[in-house]
Structure formats: structure tokens, C-alpha cells
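As a plain string of letters, each chain reads:
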Amino acid sequence: NILLTEEHEGTDSSARLTTRVLGDDTSVVDLMDVSLNYSGGRVTQLTLEADPSSSSAGVSSECWGEGAEVLITSHTIQHESAQVAIIQSVDSNTGIITLEDTIYRPITVDDDYQTGVEVALLTRNIRLTSAEDDSEDPLDGGHFIILHTSNPVIQTIVGVESHGFGQQGKLGKYPMHFHMCDSVEGSVVSKLSVRNTKQRGIVVHGTNDLYLSENILHNTRGHGFMLEDGGETGNTFVRNLGAVSHGVTIRISDDESDTNPATFWMTNPDNTWIGNVAAGSAFSGFWFEVGARVRGPSQAVYPDMIPNTLALRHFIDNVSHSNSQGLQTYPQQGYRPESLAVFRNHKSYRNRLSGVFFHAGGRLSLDGAYLSDNNIGVLIDVDHSDVISNSVIIGSSSVYRNFVESVGAAAYQWPKVALCASAGETLAGVRLDSFHDGHLFGATGTSLVNVTFSGFGSSSSSSSASAYCPGSTVLHVNSDGIMYFDTRNRIEQVVVGDDSTKIDLCNSEPQVAIRDIDGSFSDGGTPGFIISNTNAIKAHPDCYALDNAETCAAFCPNTCLRSMTVSVPSYYERGALTLEVTGALADTDGRAITPIRVKDFQTKHIKLPRKESSHGRLFVTLPAGGHYTARFLLTESGTPVWPLYANLQYEDTEGNCGPDFGSFAIDELESSHQQPQLQCDQLVQNGDFETSDDFWWHVGNLGLVHADGGANGSMKSLMAPNAIANGGGQWVGVGQYLDTRCIEEGYTYTLSAKIKLTNSVTNALVQCNLNDGYSSSSDPNNNSCPGATLRFVNNVDGVTSWPNVGTMQVDTSSSGEEWNTMEGTFVATAENVAAHAAFLYVSGSPADVDITVDDVSFTRVVTNTDISDAPSFVPSLTPSAITDVPSDMPSINSPFDASNTESIQFLENNNDDSIRLVTNSGKDSTVLTKMAHIGDLDMIVHFEDRFVSDSGYQPQLVLFFAPETASVDDLTTNDNGFEPYFESTVVAWMREKIFCCMDHTWFTVKARSAVALDGTTTTPLMATSSGSIAQKMNAAGSLRLKRTAGVISGYFSFDNGGVSSSSGWTQIGSDLVLPVSNQTAPLKMGFRIKREWHSAYNITTTAILSSDGEVDPNSSSEPTAIQSSFTDDNTDRISATCGVETGCSLAGPDYNAVVLSKQAFTGDVTFIIQITNREIFGTGYQTGIWLFFAPENAILEGIPYSNDNDFRSYALATVGDKIYPTIDHTWVSMSSQSGHDSSSGSSSSSRTDQSGGDSWKNTGGYLKLERIGGTVKASMSANGNGWVDIGVEQPITTGGNAPIKVGLRTQRNWA
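The rules behind the values
Residues numbered from 1 in each chain as written. Predicted model: local features only at pLDDT ≥ 70, side-chain atom pairs only at ≥ 80, totals over all residues. Heavy atoms only, no water. Helix = DSSP H or I, 4+ residues; strand = E, 2+ residues; numbered from the N terminus. Buried < 20%, exposed > 50% of the residue type's maximum accessible area, 1.4 Å probe, protein only. Contact = heavy atoms within 4.5 Å. Areas by Shrake-Rupley, 256 points an atom, 1.4 Å probe, with all protein chains shown as cover. Phe/Tyr/Trp six-rings, centres within 6.5 Å; stacked < 30°, edge-to-face > 60°. Lys NZ or Arg CZ within 6 Å of the ring centre and 35° of its normal. Disulfide = S-S within 2.5 Å.

What follows deals with the overall build of the protein. Helices and strands together make up the secondary structure of the protein, namely seven helices and 93 strands. The burial tally for the protein puts 54% of its 1311 residues in the buried class. Pairs at least 24 apart in sequence give 71% of the contacts found in the protein among residues at least 6 apart. Total accessible area computed for the protein in this model is approximately 54,500 Å², and 48% of it derives from carbon and sulfur atoms.

Next up on the list: the packing of aromatic side chains. By the definition in use, this model includes 42 aromatic pairs. Residues Y737 and F839 carry aromatic rings whose centres are separated by 4.6 Å and whose planes lie at 45 degrees to one another, so their mutual orientation is tilted. In this pair, Y737 sits in strand β54 (residues 733-737) while F839 sits in strand β60 (residues 837-843), placing the two residues 102 residues apart along the sequence. Of the two residues examined, Y737 and F839, each falls in the buried class. Ring pairs connect the aromatic residues F225, F237, F264, W273, F286, F288, F315, Y335, F343 and F358, which therefore count as one cluster. Stacked on the ring of F521, the Lys or Arg K502 has its end atom at 5.6 Å from the ring centre.

As a further point, take the state of the cysteines. As used here, a disulfide is simply a covalent bond connecting the sulfur atoms of two cysteines. By the definition in use, this model includes seven disulfides. Across the disulfide, C680 is cross-linked to C742 (sulfur-sulfur distance 1.9 Å). Disulfide C680 to C742: torsion about the S-S bond roughly -70 degrees, handedness left-handed. With a gap of 62 residues between them, C680 in the loop between β50 (663-666) and β51 (697-699) and C742 in the loop between β54 and β55 (748-759) connect regions that are remote in the sequence. C742 matches C680 in its accessibility class, with the two residues each being buried. For C768, the disulfide goes to C785, at an S-S distance of 2.0 Å. Here the disulfide of C768 and C785 is right-handed, its torsion about the S-S bond being about 90 degrees. With a gap of 17 residues between them, C768 in the loop between β55 and β56 (787-794) and C785 in the loop between β55 and β56 connect regions that are remote in the sequence. As far as the burial class goes, C768 and C785 line up, both buried.

None of the figures reported here should be taken as evidence of function without further support.
Spelled out as C-alpha cells, the structure:
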């Protein structure tokens, strides 16, 4: 082949062909049949394919006329390979256009139908040209703006060509600019040709509902088609094209990214992009740079909008080629919509870096994509829960290889048009990088489903001696920025169409695990896990190295792997600790695993290594259900060691493939022969700071200062700076992780520290006030004193507690001292002992108040394993013991029912028939009258022998009146359920509240739907009256709640002798009037404990009741049994039976049970279930129960009930729960469809997923799903009275009256 280049062009006469025989200058050479045939390189004619969206065939000579300019987009990986030519003639019948001059032959649809270049007409009959008359500012062109003009004024801008518009570096000066117009529905911008711009292209700013179609941008600077602030929604971009996008040299501000231009720059996904082409940019074709807030002047219009969580409206049939990045979501805060955002039928090819780049977000989907000749097809970097489906990914296509070969050596010279132009460069189909944490953001790993790969093997070689891109691979994992590699990454129905290398893990993370669900990617078609062939993960005895040693991969057939993080102190250098794990597979197998050795393999930089939330992390990946034992070793010496704490957390709780580990125990090296005797008498290390600030962490982001000067004349101390200008607040502080082995049940621990408070700006001493509690950091009147907290964390069981362990002993405002004392005492419970990490910290001063600490001590002073024998905190005020003493339920003579026998003792042998409420196990206690009372009611409760701990607010005594239908179980809730369940059930209640270390008592009275006597209105649910006194109601006291003539009033008394009279009573606030329905209605009376998160309380009570009469709530008539709306006759079912009296029983070994109503319902629909029996199986997450709405034509066989994601995408709306046997919590998820086609039963639009929950276990509670007025909402209740919403109401486009069916379904959750 003879290649003629530009240096040969324009020769005057002819070219001569000379032949010779090397080394022989005498022989005669005869040549026969010599011919020179033109084989390509330059062309003067183009045949244009008819526009499939147009009704006319061929090319219109009226538009594509002689002398018009056309753009031929780039056919290489370089954006500047685009060409502009002038039309000489047009044949409108054949679609052939003849050009005045030759152009380089582009890649056409005859070469590759998927990747033929675009040809665009640049010339328009209306032309706006910016004069080049400013020699001092050549980047200063014209600008075109539509300013503050909204619907109904319609703008129609069609068929205009502009040159040189835009003013670089100047805000708002763009070639075409809609500025702050709000909705412009009906306005159109179409067929513009915007060329040679100085700054940007077509900018939509603060404008909604604009229609932009068939516009051309060419040779632009900065972003092209642009949504400026992030608040723009409802705009539609259809069949627009941009090519040759350059960066600017002068940015408007440092906040702008135009130096890295995007042909389409998108800040809000709630818009539509269909059939657009990004045909060559110096940086990005399509760039979703979405933020967590709207910026610019639009921020005031949309203060609550969070663009990076919004659903993607439509992104369909778009094309990106000849860019650095084809389509990207980078950087900002990452695009992380609440439901899957689907980029449909996207084509991305011949891009220098990646075809698609998903970064720092999640729930993004490529469906029907075609990706070819990109350095990386899809790069998933610090992203989660992404989906690639029904797509084709080609590494090196034959068409582009042939083109590169035709160019020859020039393809590898600048500007390089060859992929892998430099030594060592390779291609990757999909690169899966690690993520922050698997348990964050509802992450579930990345899925590849029905994806075909080719062009990553030796068959992709060129015809030259060396392969085109040796070392290329279908799947790749790199070793940059290693964090957690998600074991839920999975592949299914994957086809590798040639000899492409499937995976290369040689230079990747050492703990890769990718699940091959159906075995389509693995040899032999066996499902299992593809893993790194390292001793850090290859634990299952069936795992084997893949035959091709160059892949550095192994395969574990028919296995399920789970992953757990073991967090250790961040002061260990990465790799300094090794976790050695041994053990056996699940009980059904029992074989020993191959021991693994795990280090902190992370290479991602820790921004704040001394922040309390920063840890060294070791990721352990092991077969599900197994039993394992681990120990820490110093990597260099092999010496066993315990690193203060080892906080465990499953990273893959959602979407995993099997059960939790049967057990995972770490050797804590407690015996003296393993390491020196534990130093548990003093748990704080380096509490005097004289030599360093080692072992201390900062709370918040502002770091620590090893300060000069300490308490009692010492040299050093430690300061937590807290300047508000740097982001300070009451959360800022200083702390230390404690050795968890030293936390033992029943032991007493004493804190002592010296505290100095100074102004962050002036360094002057600051006064604090013990009476000021936690408040907004911006509150100028807040002078709160800091406190000490001990945070216990057990992430496996989902338990975290924050007991207060120290307070200032005197107001600094009254002491006048530089250093003041903080002290406190704490008794460890069984829950504390079970924690995997214990962090002691001091915080709580307002912003701009720095906290400096010195002489910090936390000592263990009592060695006693029985909490019942622990000494009282304040002997003169508290009983000698706290014990859970079971007693019989109240006898028939007691007027009260009790919620339990574990923490409620009826002391009937006493003359006063007192009731003792006592526990150290976190029980919730309530007593309620058996009879209802009418007329005026008066309840007095006297208490004594009250246990007061030295930590935080104390458990409260609460008096209440409740409806006659209420049961004691309805009124017994934990602290989380107090407001939504208890308060929503009762008619009125009152309580006292004291703090451990303050001489003060606060009182509150609330009554339902009340109006104050002065006529002022209150909230529709409860009215409140309150008061306080500078005296602590600790040793004894009395509370009184009355209903008199329909008015609620509350009182307190410190006069224990005045229990039976009105003397000595002080009213709390003002009277509260009940609604008429509650003024004389029969009510039950009762009292209960609100624990304030404490696990222990002890208080002896005596109740005195009076009323105008009693009513037996059970005597007037037989209670009406609750009847189920579902029966076997009116439902279709799988693994379920239904009856009016029995309700529905969903049971059996089948994968799921389903119940579907035969009837469809119109209008408002409320669907409630009560769980009356829920059997617990095993130790993992239990089977969940789901309510759902379905289209009226739904049939049982058509519901995809076996797959949770498919089911939730099918149903119009769902709500379902999940519980864990050992955790008092219920997790609830709600899904709804917007745009669901109820007539066909198909889901054609996005799904909105929301989640919530509450701190009680749903073994007898309620779930509710409603369609009210065209919106759908879901809620949960512990007792059927008070309801907690799950997420927020969502519109359902079936409208408020379309017929829908209702149903139930179980979700196994591996139970």
C-alpha cells in the first residue's frame, strides 16, 4: 500500500514510480501488468442515509444546496478529526452530495451500521455574526438572551445560524440563553446552528419545560447544551448534535468546570434527552454533574431540591463518540437517585477513556447499550447497585482496527488515533472498582445481565506482527484506591463471543469476589464465585485456581460468600495487622476451611485518620453460615495482639446470597501468658498529654491541637478547636477508644477530667451554664457545658447506646477558675459488654467554644459481676439494689392490670398495696385499671425509693387516662414508640423529668385536641402545659392527674404527707379542655415508666384513685371480633388459606406465599393487616410480609412474586417489613410506581423506593397501605392506634379512582 499524505498534495506535474534490485545495478528488470488503483483515503462524495424519523426520502436540495457547509463528525477517537466541507452539488433522488474539496474518508454505515459518522448541515438562511472588532478582547462576542419571560408568552426560535457568540469569562453572556424564565411550556428552540462560540452554546438557566430539537453546536468553547443551576426540570432535548467542544481559557469563576467541556452538561436529571449526539469533546460527551443542592439564583426558588437524588425522567437513544468520556456522572456528590435511573439504548464508541463512567453514586442502569472501541467500556468507580443489561460491549472492533492500520505509523503519533497507542495500554470491557462501604446507601452491588462481550482477545489482533491491545480483558479490577470490594457484584447470562480474555486479577485488589449466578461466565456452566487466587480470600475447600494462570483468579463452585468488616484503631499502619481466620463450613457440611490471612489492603487515602469515625478496616470474605475463629497478629513479627477493639459489621446485609455466619469470634488474648496483664484499673491511655497526643481522636472535622499549658501547672493539654467559621458545633469534641475487654457487667467506672473552655476567636475564657441543654449551634444564648459520653457500638446486632458518664461539677460562670472538674460514674450492663467498640468522648459546648482537656482518667473501681449487688450511686437517695424479681400478676383485689411480671411487683402484703417498678434489663412497664371510670377522675401516684443513676436524664414516671377500649399492651412501648403509639392512644398524660446531676425538675401535661381556657388554639393532636422547679424530685414525690368537668389538670407535690388531700399541690401550667367526646366518656387510668434509654430503674409507687363511678368495659356487650376481609372464596392464593374468623395463614416451605383479591376496588382504598402470629425460624432475617396494590387485570400467575425487585417493579405500590430475631427493630420498605400502565399490567416508568422503621419487633403489629385522593402512602403501627409513616406520600398516576386489586406476599429473606 502506498499512503499519500498532505506533503504530496499540490505537486505541479506527475509522480514517477521507480523500481530497482537492491545490490544489483546492472540487470535489466522487466515489469508487466503494472497498475495503480486508488483504494481509499480521500473522497469527494457522500451518500446520506434517509432519516428514519423523517417522512421524506433522500436529501432536500432546498436545504442541502450548492455552497452550503456541512459537518462530517469525527471518525476517530479524537474530537478534532471532525471535518467541514462545502457542497458542490446535490442529487436529491439518490442522496448523494458532491463536495468542492476532498475529505478524509470517514467510517460509514456501510462499514459499521452502529458507528457510522453523522453528517450535519451547518448553513442557515438567517445568520447572526459577531463582529471581530475587539482587538483587546477577542473572546468578547455577541450574546442572545430570553430574560424573565414565562408561559403563556411563547418563544419560537427556528433555523438561525450564529457565529462567534458568547463572552468568555462573563456570567450570563452566551450564544443562546433562556434566563430565569420559570415554565416556558410551548416554547421551541429548533434547527439552530451555533458555531465557533467564545463561551458555551445553548444555556437553559432557571427555565423549565423548554423544547429543544435538531440544533447543531460546532466548534464551541465550554459546555454546550447546558442546564445551569440544577433547578431546571421538564426540559426536552431531542435529536440535537454537538461536535468539537473545546475548553475555555477564562472561567466565569472557580465554581465552573468549562475548562473540561461537556457537549451536554446536565445538572438535573428530571429532564428528557432523546436521540441526541455528542460527537466529539475535549472532555465529556454527556456529563451529569449533579449536586446535592441547587446553586445560583435558582437556589432561592428551590431551597429544598436535592438534584442528585431525583429520578431520571428519560434518557433514550443517545450517542456519544470521539470524546475523552462518553457518558459520565462525575464528580460533585455523585448521582444517587432513590430508584434505578435507566439510560436506555445508549451508544458510546471511540472514546479515549471510557464509554460510560459511573462515579460516586449508585442505582444507575445501562439497558440496551452498545459500547465499542473505548479504552474502558464501562467504568464503575466508587459507585453501587448499578445494572448493565441487554447490552453489547466490544473492545477492539475490526472496523476501527482496519482504519488504524490504513493510517499506519501516524496513528501512533500525536494526536494519536489508535487505541493502546502507548506500551502497556490495554482495553477493559467493564471495570469494577471498590466502594466505600457495602452497608451504606442501601447498596446491593453491580449486576451484569444478558451482556455480550467480544474484541478483548488475540482474535482482536491486527494483521501486523504484534497484537493490537495485548492484555485486554472483559472484566477488570484495578488496585487504585482500594476500599471494600462488594461481594454482591454479580453476572448472569453473560456471553463472551470470541477468544476474549474473561478476567484478569493479577494487578487488582487481593479480595475480589464476583458472583456468577448461572455459570454463564465460568467454565462448565457451574454457578459460583470468581475470586482472587490469594490466601486472603480462598477459604472454601472447593475453590480452585483457574487453568489460565495469567488471570490470577480462582473459582468457587456452588458457594455463597458473605463479607464482614473488622474495624480496628486507625493508628495502626495499613498492613501492620494480620487477621488469621480458621474454622469450618456450615453445620450441614462441616468441613474445615483453608485458613486465610487478611490485612488492611486499602489504598484509598484516609482524609482524617484521627477522626473518631476513621478506622483501619480488614474485610473478611468467607462462606455463608460457617463458624469461624480469628486472631490478630503483628504482620512483621507474627506476635499475637489485641488492638483495643474490633468492631464487626456485615457489609452485605441487603441482597446477599445466604445466611450470616454461624459464629465469628476473635481471640481477645485475655490470659497473661499471651500478653501482659490487662490494665483495666485505668482504661484511658496518655491522659496527661505531657509527651504526645497519641491514642486520642477528634469528634467532628476540625482536628486536635496538642496545646501548651495544662491543669495544675502541667506542661501540655489537648484542645478540640471549634470555630464556627470552620464548621464547629456542639458535636465537636475529643475522645479515646477503650479496650473493650475491660468493660464487664456490674463493674463501676469513674470518670475524672479537667476542662477549660475558651473562645475560638479571642482565646478568652468562656463561662458555661449547667442549666443550658443541647441546642442549635447558632443559638446566641446557648452556654451549655460539655459532658462526657461513652458510645457503645454493636453493628452486628444493630445496637448503639450513648450513656452519659460525666458532667461538669459546677458552672464555670460561678467558679471563675481556668480549669474546672468533670466527673461521673457509670455501671456497665450486659448490653455494654456485648458491644464491639467503646468510645469515650467529651463534647457539647456551643460553636466558637474550644474544649481543652487534661488529667483524663477513667478507672474501674468495683469488681463485682452481679449488678444487683453493686453499690448505689447516691446511697442516701437510692435503694440498695436493682433486681428483676418476678412476681405473680395482681390478684383479683388489685384495680390494675400489669404489662409483665418481670418488672412489676404488686406488694400486696403492705398496707398501702404499693406497686414496685424495677428492672436492670430494659423492660418497659405499665399498669392500667381493669375498670373504666366515668365523670370526674382523680389519680394520685406517690413514689419513693427512687433509684437515680449518675448518667443523663432519669427514667420518668408517667400518669395517663386512656380510652376504655385500650389494653395495657397498647400503652406499653419503648422510648421510640412513646410519641407515635402511646401518645396517640391516650386521652391525657403527665410526667416529671429530672437529670442525674442537676437540682431541677421539669413537668409536662398533655391533653388530646384541647383548647386552652383563654381561647387560644393549639395543635390538632395534643395541647401542652408545662412547668418546672429548681428542686430535684428524686427520693420521693407525688404526681396528680385530674379530669374535672371535662378539663384536664396536672399537679406535683414534694409533701408526701399530703397525698390524700389537696394541700401541698402545685398546678403544672394551665387547664386544658378536652373535646366533648372525652369530657365524660369512660376512661381507664394508669401509669408507666418512660426509660429515657436506661436499662435500669427502681421506684416504689402507691396509687390513689377516685371517680364518679366505674364501668366494666367488657360487661356491656360482647366485643366484636375483628373479621378478615379475605376468605378462600374472594381471593386467589399460593401457600395460604384465608377465613373471616381466622384471617390468612401464610405458611409452608414454598419460596413465597401470595394472596390476591379477586375483586378490584375504586376510589380511596385503605388496606390494613394485623400480624397475630409470626413464628421465628433460625437466627437470620425472617420472612417479611408485604402488602401490595396491583392492576385490576392482575392474575396470580402473572405476579413475579419470586423476585423481590421484579415484584416491586410490577406492583402499583407495596409496603413490607423485615425483622431479626435478636433485635427489637422492624425495617420497612415502601415502593410506588408513577406512570404504571394499569391496563396492561406492565411497569413502564420509574419506581420510587422509600424506607423507614421503628425500634420494636413486628410480631404483633400492623402495616397499612393507602390510596387516598390519587396518592399512595404506607405506615406502620405497634398497636393500631398511632401510626408511623414510611417515607412520604407519592402520586400514583392510575389516579384516585382506577380499579386496583390488593394482596399479600411473603419475602423469604433467606429464612
